[in-house]
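# What the coordinates show
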Amino acid sequence: MNWTIFHQRIFPNRHRLYRIALRITGNAQDAEDVVQEVWEKVWKSTEYQSASIRNWEAWCMVLTRNLSIDKFNAQAQRRTIPLDVLAGRKAVGADPAQSAESNDLAHHVRRMIQELPEKQRLVMHLRDIEELSYEEIAAVLDISMDQVKVNLHRARKTVRDKLYVAKTKSPLNI
């Protein structure tokens, strides 16, 4: 890798790579780390490998996606901020019983989402929390649009069904 190629073909895509990493990892510091790792891999690529790459932008995006997914999967704790924020918003101005109920519901939904298979959990997160389009999710995860739709449908149905069962079995009607 030489400075000219890096400066002309890689560096201009830094914002796009960061956005992809941020959408997958959900953490600004992790996204920055991923972009740095991508740049390091690109810079350390061999002369032979550099000569075989036809589309630098696409290659960097694939590296970013793969490293972001690896970082996301390596996290011991899944992000729960959106549901906590939602529970907090509903609790504003509510009495303590309503607040506790909202917190319990958010806890149950978080647990149900964590129990989903990895692909369903990731697709649901990217669509419902990160608000990516189906096309963007397909590109980021390198799966077909049909697979995105199927995984999202199955994830939502599983969470909805588990929530319904929990509500009907609970003496408190969560």
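Residues numbered from 1 in each chain as written. Predicted model: local features only at pLDDT ≥ 70, side-chain atom pairs only at ≥ 80, totals over all residues. Heavy atoms only, no water.

## Thoughts on the overall build of the chain
On a plain count of helices and strands, the chain comes out with ten helices and zero strands. Ordered by position in the sequence, the α and β elements of the chain form the string α-α-α-α-α-α-α-α-α-α. When each of the 174 residues of the chain is scored for burial, the buried share is 35%. Pairs at least 24 residues apart make up 66% of the contacts formed inside the chain by residues separated by at least 6 positions. (Helix = DSSP H or I, 4+ residues; strand = E, 2+ residues; numbered from the N terminus. Buried < 20%, exposed > 50% of the residue type's maximum accessible area, 1.4 Å probe, protein only. Contact = heavy atoms within 4.5 Å.)

## Considering the packing of aromatic side chains
For the structure on display, the rule yields zero aromatic pairs. Lying over the aromatic face of Y134, R127 brings its terminal NZ or CZ to 4.5 Å of the ring centre. (Phe/Tyr/Trp six-rings, centres within 6.5 Å; stacked < 30°, edge-to-face > 60°. Lys NZ or Arg CZ within 6 Å of the ring centre and 35° of its normal.)

## A few points about the pattern of salt bridges
Between side chains of opposite charge, pairing is possible as soon as their charged atoms come close. Counted according to the given criterion, the structure contains seven salt bridges. One salt bridge in this structure joins K44 and E40, with 2.8 Å as the shortest N-O distance. (Salt bridge = Lys/Arg side-chain N within 4 Å of Asp/Glu carboxyl O.)

## Considering the layout of surface pockets
Counted as a void, the second largest pocket has a volume near 250 Å³. At the level of elements, α2 (14-25), α5 (56-74) and α9 (134-141) are the ones that each hand at least two residues to the lining of the second largest pocket. Examining the composition of the lining of the second largest pocket, we find that four residues originate from one element, α2, more than from any other. When the residues that make up the lining of the second largest pocket are grouped by side-chain class, the tally is six nonpolar, no polar and six charged. (1 Å grid on protein atoms, 1.4 Å probe; cavity = no way out; pocket = protein on both sides within 12 Å on 5 of 7 lines; lining within 4 Å. Points joined across faces, edges and corners; volume = space filled by probe spheres on them. Nonpolar A, V, L, I, M, F, W, Y, C, P; charged D, E, K, R; others polar.)

## Side note on the nonpolar core
V123, M124, L126, I137 and L141 are the most contacted members of the largest nonpolar core, which totals 22 residues. Counting only elements with at least two residues in this core, the list comes to α2, α5, α7 (96-114), α8 (118-129), α9 and α10 (145-169). In this view, L126 contacts R23, I24, E131, L132, I137, V140 and L141; residues no more than four positions away in its chain are not counted. Judged by nonpolar contacts, the second largest core, of 15 residues, contains F6, I10, V34 and W39. (Core = buried A, V, L, I, M, F, W, Y, C linked by side-chain atoms within 4.5 Å.)

## A closer look at the confidence of the model for the chain
For the chain, per-residue confidence averages 78 on the pLDDT scale, and residues scoring 70 or more make up 82% of the total. Element-level pLDDT for the chain is lowest in helix α6 (residues 81-91), with a mean of 51, against a maximum mean of 89 in α10. (pLDDT = per-residue confidence, 0-100.)

## So, α2
Here α2 spans 16 Å end to end across twelve residues, near enough to the 16 Å set by a 1.5 Å rise per residue. Every buried residue belonging to α2 is among L17, I20, A21, I24 and T25, and all of these are buried. Around the axis of α2, the buried residues are gathered within 115° of arc, so they sit on the same side. After α2 finishes, the residue G26 shows a positive phi value of roughly 75°. (Expected span 1.5 Å × (residues − 1). Arc of directions from axis to C-beta.)

## Concerning the packing of α2 against helix α3 (residues 28-43)
It is at 8 Å that the axes of α2 and α3 come closest, and there the two elements cross at 130°. Looking at the two axes, α2 sits oblique to α3. Considering how the two elements wind past one another, α2 and α3 form a crossing that is right-handed. The segment α2 lies against α3, with R14, L17, Y18, A21, L22 and T25 engaging A28, D30, A31, E32, V34, V35, V38 and W39. For the contact of α2 with α3, the residue count by class is ten nonpolar, one polar and three charged. (Axes fitted to C-alpha atoms, helices over the stretch in contact; angles between N-to-C directions. Parallel < 35°, antiparallel > 145°, perpendicular 65-115°, else oblique. Left-handed = near helix turned anticlockwise from the far one by under 90°.)

## Comments concerning unusual backbone geometry
Peptide bonds are, in most cases, trans, and in most cases residues other than glycine have a negative phi. Positive phi outside glycine occurs at D142, with the angle close to 55°. The exposure class of D142 is exposed, given its relative accessible area of 57%.

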